[in-house]
Amino acid sequence: MPRGGAGNMLGVGGTRRTMGREALRGGGRGHTGVGAPDPLAHKRELLRGLRAEREAREEAEAEAEAEVTEE
């Protein structure tokens, strides 16, 4: 049975709180924004590292394939 008169209650834990747009984007409680890492810069750095690894792997495969064809 639901608790009396509280249609929006989630059991014992309290009421459901809707999240605002800022909280959904990572700016929830205590977010100051000062010194926070730039998410786009972080993504660019990750992609740069992945591209470098892929290029190194492709070069190694090409060298291995060239050695096999020489023999």
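Structure first, text after, so check above.
Enquirer: Talk me through the overall build of the protein chain; I want residue IDs and the actual numbers.
Expert: Tallying secondary structure elements over the protein chain gives 2 helices and 0 strands in all. The buried share of the protein chain, reckoned over its 71 residues, is 3%. By element, 52% of the accessible surface of the protein chain is carried by carbon and sulfur atoms, the whole surface being about 7000 Å².

Enquirer: Let's hear about the pattern of salt bridges: which residues, and what values?
Expert: Scanning the entire structure with this criterion turns up 1 salt bridge. Here Glu 45 makes a salt bridge to Arg 48, at a shortest N to O gap of 2.6 Å. Separated by 3 residues within a single helix, Glu 45 and Arg 48 lie in helix 2 (residues 39-70), roughly one turn from each other. Take Arg 48: its relative accessible area is 47%, and that puts it in the partly exposed class.

Enquirer: Break down a negative patch on the surface for me, citing the residues and quoting the values.
Expert: Together, Glu 55, Glu 58, Glu 59, Glu 61, Glu 63, Glu 65, Glu 67 and Glu 70 line one region of the surface with negative charge. Structurally, Glu 63 can be placed in helix 2.

Cut-off values and rules
- Residues numbered from 1 in each chain as written.
- Predicted model: local features only at pLDDT ≥ 70, side-chain atom pairs only at ≥ 80, totals over all residues.
- Heavy atoms only, no water.
- Helix = DSSP H or I, 4+ residues; strand = E, 2+ residues; numbered from the N terminus.
- Buried < 20%, exposed > 50% of the residue type's maximum accessible area, 1.4 Å probe, protein only.
- Areas by Shrake-Rupley, 256 points an atom, 1.4 Å probe, with all protein chains shown as cover.
- Salt bridge = Lys/Arg side-chain N within 4 Å of Asp/Glu carboxyl O.
- Patch = residues over 30% accessible without salt bridge, like charges linked within 9 Å, V, L, I, M, F, W, Y side chains within 5 Å.
- Lys, Arg positive; Asp, Glu negative; His and termini not counted.
- Charge placed at Lys NZ, Arg CZ, Asp CG, Glu CD.

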